[in-house]
Each structure stands twice: as C-alpha cells, then as structure tokens.
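Remarks on the overall topology
The residues making up each chain are set out below.
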Amino acid sequence: MFCVENAKMMKPSRWNIFSNPSILFGIIIITAVLVRICLFVFTLNDPYLQFRVGDEQYYHEWALEILNGQLAKETAFFTTPLYAYYLALIYYAGVSDLVYIRLLNMAMGIGTIYLTYLSARLAVKQNRFGALIAAFLVAFCASAMFYELFPEKTALVLFLTSLSIYFITRAATGKSLPLKWLIAGLSVGLAALGHSLLLVVVPSVWIYIFFNRGMPKSAVIKSIVIFSLGFSIAIAPATIHNYVQGGDFILISAQGGHTFYIANFEGNLTGAYTSPPFSISNIRVEEASFKKEAERQTERAMKPSEVSRFWFRKGLSDTKKNPQLSFQRFWKRLRWSLGAGEPSDTRTFEFYKSRYFILGYPFWGFGVVSCMGMIGFALSLGNRKFLVFNYSILFFVIGMSLTISL
C-alpha cells in the first residue's frame with residue numbers, strides 16, 4: 001500500500017510536461033510550421049504573388065545569366081552577389097517556380113527559429129526559458145513571415161545571420177578552439193555576401209576577443225587571426241572577382257556610397273528611399289546613372305570604388321548643409337531600424353497585411369522583437385559574454401539608420 005501511494009505521488013502531472021523546455025520548444029516549432037502552412041495555402045493563388053518586381057526581378061535575371069554560363073559580371077559587383085548565385089543553384093536543381101522558392105524561404109524561416117533557440121541556449125545556459133522566449137518572438141514575427149512570401153533575399157539573410165550568431169556563440173561561450181573561430185569567420189563572411197551591413201559583425205567579434213580577460217594574450221591574437229582568416233576565405237570569391245573583372249579592390253560590392261547618398265542627399269526630405277533627379281529606383285539604372293553623373297561632375301573616368309567614395313563624400317556634404325533635416329532623417333530611420341514600422345521597399349507590408357489577416361493580430365512585427373532585444377541589450381551591458389552581440393546590434397542599427405539598405 002505504501003509503495004502504491006508513493007508511486008501515485010511520484011507520477012508526474014500531465015501539466016508538468018509543459019514545464020519541460022524541450023517540449024515547449026517543440027510546440028513552438030510545430031505551431032510556427034502550421035501557421036506558415038496556413039499562410040502558404042491562403043496565399044497560393046493570390047495574383048499579387050505570381051510575379052517578380054524590383055530587386056526580385058533583378059536577382060532573377062542575374063541568376064539566369066549565371067545559369068547560362070555568365071559566371072562573372074563584366075565589372076565589380078554593384079550589389080551583394082550571394083542571392084543571385086543561390087537562385088542560380090536552385091534553378092540548376094530544377095527549382096525555379098515561385099511556389100517552391102517560397103517553400104524554401106519558409107524552410108529557412110523555420111531554420112532561423114531553431115538557430116535562434118540554440119544560440120540563446122548557449123548564451124544563457126542558466127535560463128532555458130529565456131531561449132524559449134527568443135525563439136517564440138522570432139517564430140511568430142509577422143514581418144519575417146511577410147518576407148518569406150516573396151522571391152527576395154531577406155529570408156536567406158536572416159537564416160545566415162542566425163547561423164553566424166550560432167557559430168559565434170559556440171566559439172564565445174565554450175572552449176575557444178581555433179576551428180570554432182574559423183567556422184564563425186566563414187559564417188559571418190557568407191552572411192555578409194548576402195547583406196553588406198553584416199560586415200559590422202567583424203569588428204564586434206574583434207572587440208569581444210580583445211577584451212576577453214579569460215584568454216591569454218597569445219590565444220587572443222590567434223583567435224582574431226583565425227576568425228579573420230575564415231571571414232576572408234568566405235568573401236574571397238567576391239573580392240577576387242571584383243579585382244579581376246573591375247580592376248578594383250572592393251571587398252564585396254560597390255553600392256555603399258550610393259545608398260548613403262540616396263539616404264542623405266538634400267532632396268531626401270523624408271528619410272525613405274528617394275531617387276535623385278538623375279536616376280530612378282532600379283538597380284541596373286542606378287549603377288549606370290550614378291557612375292555617369294559622377295564622371296560628368298569630375299570630368300574623368302572612375303572605377304566603381306571611386307564612384308562609391310565620390311557619392312559618400314557628396315552625401316556627407318549634403319548632411320552638413322542642413323543638420324536639422326539630417327537629424328530628422330536619421331531619427332526616422334533609427335525608429336524604422338528598431339521596428340517602429342515597415343517602410344515601403346519592393347513590396348509594402350501594410351498592403352499585404354490588409355489582404356492576409358494572418359499577418360495581423362495576434363502576431364507582431366519587428367518592433368516587438370527589437371524592443372525585447374533592446375531590453376536584453378540594456379540588461380547585459382555589464383556582461384562581457386554578450387559584448388559581441390551588443391556591439392553587433394549597435395553597429396548594425398547605426399548603419400541601417402545612416403543608409404537606406406545594402
């Protein structure tokens with residue numbers, strides 16, 4: 001009788017199952033998959049998802065050129081090349097229909113959730129429920145699900161960013177083995193090939209390693225060198241391509257000065273994307289028109305890096321002319337970067353949100369994720385373990401606020 005009573009007392013309650021973080025994470029993942037399947041089915045025959053526009057069309061045409069044997073551009077890359085080569089690869093595998101590209105985007109979205117959970121678990125080992133909160137915020141972010149609907153690079157960039165964070169976290173929280181830092185460098189380089197602003201992660205990692213008091217000086221130097229080597233190996237194809245094809249030293253792409261000028265020239269009164277009088281909102285046209293206008297003003301032929309520097313200086317000059325307007329533009333973009341809204345780009349979030357109720361309540365946008373991230377940023381400022389993440393966030397937000405996009 002005693003044994004039976006004890007057995008009953010020891011038998012776990014059905015509700016105790018839900019206190020298991022692994023089970024809760026499983027529920028998050030399964031629910032996230034089901035929500036995305038519902039969104040996919042609901043939008044399957046929507047005519048607004050049956051075509052490519054803007055950057056989507058540009059990368060599609062570039063991928064077709066690669067598929068047809070034109071592996072290199074005739075000059076240095078103007079914009080980040082990874083998504084074009086990714087598309088060419090999946091086209092080569094027979095996956096060219098928009099439906100399948102959307103499915104791949106959703107698969108990468110689920111991968112982003114999983115990697116976020118793994119990274120948070122490594123970073124906050126003493127609080128597995130903190131990792132669940134991070135995964136939950138990413139899993140049901142309507143902004144992320146919105147970008148998964150279209151054949152554009154955001155889903156891939158988010159996945160590669162979360163992959164970089166995971167490998168950096170592994171290297172930073174465990175025993176700092178050379179191979180870990182090499183893999184971390186490779187992942188950051190690969191992500192930067194998708195979005196140039198992710199270059200800010202590199203100095204963030206350097207700062208973290210340099211100020212890691214738990215590492216001897218020799219290990220600090222070795223870790224920085226190995227991480228930098230991995231990063232260099234990852235971006236080397238783009239850098240070599242730019243030098244061979246354009247005769248110019250450009251790490252990844254030559255778009256930086258152009259985007260800074262578009263964001264900050266005196267005719268931009270709102271802080272949003274505003275084309276200058278000599279150009280229009282089209283990547284192919286921008287590359288040619290910005291080069292033509294720079295050469296007209298300087299009265300000489302210019303390399304892509306020289307064109308970029310020229311427009312950066314012009315943007316900086318216009319910023320100094322009207323400090324009040326410059327601050328207003330910066331403040332608006334800072335709020336956008338922190339998720340106060342989704343500024344229109346190739347597609348308009350509010351338009352699609354009005355068409356697909358599933359993108360609205362009870363789900364949230366990047367604003368909620370950013371606010372929670374800022375709270376974590378503030379609470380962890382005194383913890384050196386989070387230095388690399390905090391500097392990455394800080395540099396990335398400042399970079400986004402100074403430019404339009406890269």
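On a predicted model such as this, the values are computed, not experimentally measured, just so you know.

Some remarks on the overall build of the chain
Assigned secondary structure in the chain consists of 18 helices and 0 strands. In the chain, buried positions account for 46% of the 406 residues. Across the chain, contacts joining residues at least 24 apart in sequence account for 73% of those joining residues at least 6 apart. Summing over all exposed atoms, the chain offers an accessible surface of approximately 20700 Å²; the carbon and sulfur share of this is 67%.

What about the nonpolar core?
Most often, soluble globular proteins have nonpolar side chains that are buried together. Ranked by size, the top nonpolar core spans 51 residues in total, and within it Leu87, Trp181 and Val205 carry the most contacts. Those elements giving two or more residues to this core turn out to be helix 3 (55-67), helix 4 (82-92), helix 5 (98-123), helix 8 (154-173), helix 9 (178-194), helix 10 (201-210), helix 11 (217-246) and helix 18 (387-402). Ranked by residue count, the leading element in this core is helix 8, at 9 residues. In this structure leucine 87 touches Tyr59, His60, Ala63 and Ile101, once residues within four positions along its chain are discounted. Counting 33 residues, the second-largest nonpolar core is a separate cluster that includes Tyr117, Leu132, Ala142 and Ala144.

Thoughts on the pattern of salt bridges
Summed over all chains, the structure comprises 8 salt bridges. A salt bridge links lysine 291 to glutamate 295; the nearest nitrogen and oxygen atoms lie 2.8 Å apart. Linking lysine 291 with glutamate 295, this pair stays in helix 13 (residues 283-298), spanning 4 residues, or about one helical turn. Owing to a relative accessible area of 33%, lysine 291 belongs among the partly exposed residues under this scheme. Lysine 321 is the salt-bridge partner of aspartate 318, the closest N and O atoms lying 3.5 Å from each other. Placement of both aspartate 318 and lysine 321 in helix 14 (residues 304-321) is noted, with a separation of 3 residues, approximately one turn of the helix. Within this structure, Glu61, Glu65 and Arg284 form a network of salt bridges that share partners.

Considerations on the packing of helix 8 against helix 9
Their axes nearest at 8 Å, the elements helix 8 and helix 9 cross at an angle of 160°. Taken as axis vectors, helix 8 and helix 9 run roughly antiparallel relative to one another. Along this stretch, helix 8 crosses helix 9, giving a crossing that reads as left-handed. Facing helix 8, whose interface residues are Val157, Leu160, Thr161, Leu163, Ser164, Phe167, Ile168, Arg170, Ala171 and Ala172, helix 9 presents Lys180, Trp181, Ile183, Ala184, Ser187, Val188, Leu190, Ala191 and Gly194. Broken down by class, the residue content of the contact of helix 8 with helix 9 amounts to 13 nonpolar, 4 polar and 2 charged.

Here's the deal with the packing of aromatic side chains
By the definition in use, this model includes 33 aromatic pairs. Taken together, the aromatic side chains of Phe42, Tyr48, Phe146, Tyr147, Phe150, Phe349, Phe351, Tyr352, Tyr356 and Phe357 make up a single cluster linked through ring pairs. The positively charged end of lysine 73 is found above the aromatic ring belonging to tryptophan 62, 4.5 Å away from the centroid.

Looking at helix 14
Between the first and last C-alpha of helix 14 there are 26 Å, a value that for 18 residues agrees with the 26 Å anticipated at 1.5 Å per step. Among the residues of helix 14, Pro304, Ser305, Val307, Ser308, Phe310, Trp311, Gly315 and Asp318 are the ones counted as buried. Here the buried face of helix 14 lies against helix 12 (256-264), helix 13 and helix 15 (323-337).

With respect to the confidence of the model for the chain
Summarising the model, the chain shows a mean pLDDT of 84, and 88% of its residues fall at 70 or more. Of all secondary-structure elements in the chain, the lowest mean pLDDT belongs to helix 1 (residues 2-10), at 46, while helix 4 reaches the highest, 94. Within the model, the stretch residues 1-5 combines pLDDT values under 50 with 0 contacts to residues more than four positions away or in other chains.

About the criteria used
Residues numbered from 1 in each chain as written. Predicted model: local features only at pLDDT ≥ 70, side-chain atom pairs only at ≥ 80, totals over all residues. Heavy atoms only, no water. Helix = DSSP H or I, 4+ residues; strand = E, 2+ residues; numbered from the N terminus. Buried < 20%, exposed > 50% of the residue type's maximum accessible area, 1.4 Å probe, protein only. Contact = heavy atoms within 4.5 Å. Areas by Shrake-Rupley, 256 points an atom, 1.4 Å probe, with all protein chains shown as cover. Core = buried A, V, L, I, M, F, W, Y, C linked by side-chain atoms within 4.5 Å. Salt bridge = Lys/Arg side-chain N within 4 Å of Asp/Glu carboxyl O. Axes fitted to C-alpha atoms, helices over the stretch in contact; angles between N-to-C directions. Parallel < 35°, antiparallel > 145°, perpendicular 65-115°, else oblique. Left-handed = near helix turned anticlockwise from the far one by under 90°. Nonpolar A, V, L, I, M, F, W, Y, C, P; charged D, E, K, R; others polar. Phe/Tyr/Trp six-rings, centres within 6.5 Å; stacked < 30°, edge-to-face > 60°. Lys NZ or Arg CZ within 6 Å of the ring centre and 35° of its normal. Expected span 1.5 Å × (residues − 1). pLDDT = per-residue confidence, 0-100.

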